[in-house]
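Per-entry structural report
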Amino acid sequence: YPYHLIVRGNNRQQVFLDDADRRDYKAVLQVACGAEGLVVHAYVLMGNHVHLIATPQRTDALARVMQAVGRTYVRRFNRRHGRTGTLWEGRYRASIIQDDRYLLACQRYVELNPVRAGLVARPEDYRWSSHRHHLGLESDALVSPHSLYWALGNTPFDREIAYRALFEADSDVPDETLARTLTAGRPLADLGFLERIERLVGGRWVPRPVGR
């Protein structure tokens, strides 16, 4: 299943000081994903945090990629900017996504980050996300579109038009819901999906009534 992941700068400090940093991070991430088996469907590089939507091809892929990227990028960042010490705020946060119900809503949330932050008026105006790839405006080697994206149309033009339409209408999943599940590390899923996870891996994922 895909995951929605966020990693922040320590104390919300900037993790990208210029475009060279962003290019370097993307290159390091792409190498790590290829080596460890993580498929990136969507991303955005903000000033002090990174969002990814990605599907691991093996159980430890997500953790191994983030560890490798964290070590390599911080070493290069520190050397380039003449600094020392940590850059990231502890462990990343990740939320499993019920893809058939929520994946495109998550991609919309991720790729609209620069608009919500007031950096651009339209998501396609921001260079450092997967949005331009999904609209066919440029090819991004980091991105492997999810099967739900391919199902939006039979031709590239049809898919791009349908994808753009997702951003011109209100989402049926509130931003607050997406942010809350990610912060809590809980699956973004309906009741049936949560019950299925409980049967497969154990634990308590289905909300229980408060009190006795």
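Refer to the structure above for everything that follows.
Since this is a predicted model, take the numbers as computed values, not measurements.

This part is about the environment of Arg22. With respect to the secondary-structure elements, Arg22 resides in helix H1 (residues 19-36). Given the relative accessible area of 13%, Arg22 is considered buried. Residues Arg22 and Met46, 24 residues apart in the sequence, show an inter-C-alpha distance of 9.2 Å. Excluding anything up to four places from it in sequence, Arg22 contacts Phe16, Leu45, Tyr126 and Trp128.

What follows is about helix H8 (residues 175-184). All of the buried residues along H8 are Leu178, Thr181 and Leu182. Taken end-on, H8 shows its buried residues confined to a sector of 100 degrees, consistent with a single buried face. Exposed and facing more than 90 degrees away from the buried side of H8 are Glu176, Arg180 and Ala184. Looking at the packing, one finds that the buried side of H8 touches strand E1 (3-8), strand E3 (49-56), strand E4 (93-96) and helix H3 (99-111). Count one or two residues on from H8 and you reach Gly185, which has phi positive near 70 degrees.

Conventions we followed
- Residues numbered from 1 in each chain as written.
- Predicted model: local features only at pLDDT ≥ 70, side-chain atom pairs only at ≥ 80, totals over all residues.
- Heavy atoms only, no water.
- Helix = DSSP H or I, 4+ residues; strand = E, 2+ residues; numbered from the N terminus.
- Buried < 20%, exposed > 50% of the residue type's maximum accessible area, 1.4 Å probe, protein only.
- Contact = heavy atoms within 4.5 Å.
- Arc of directions from axis to C-beta.

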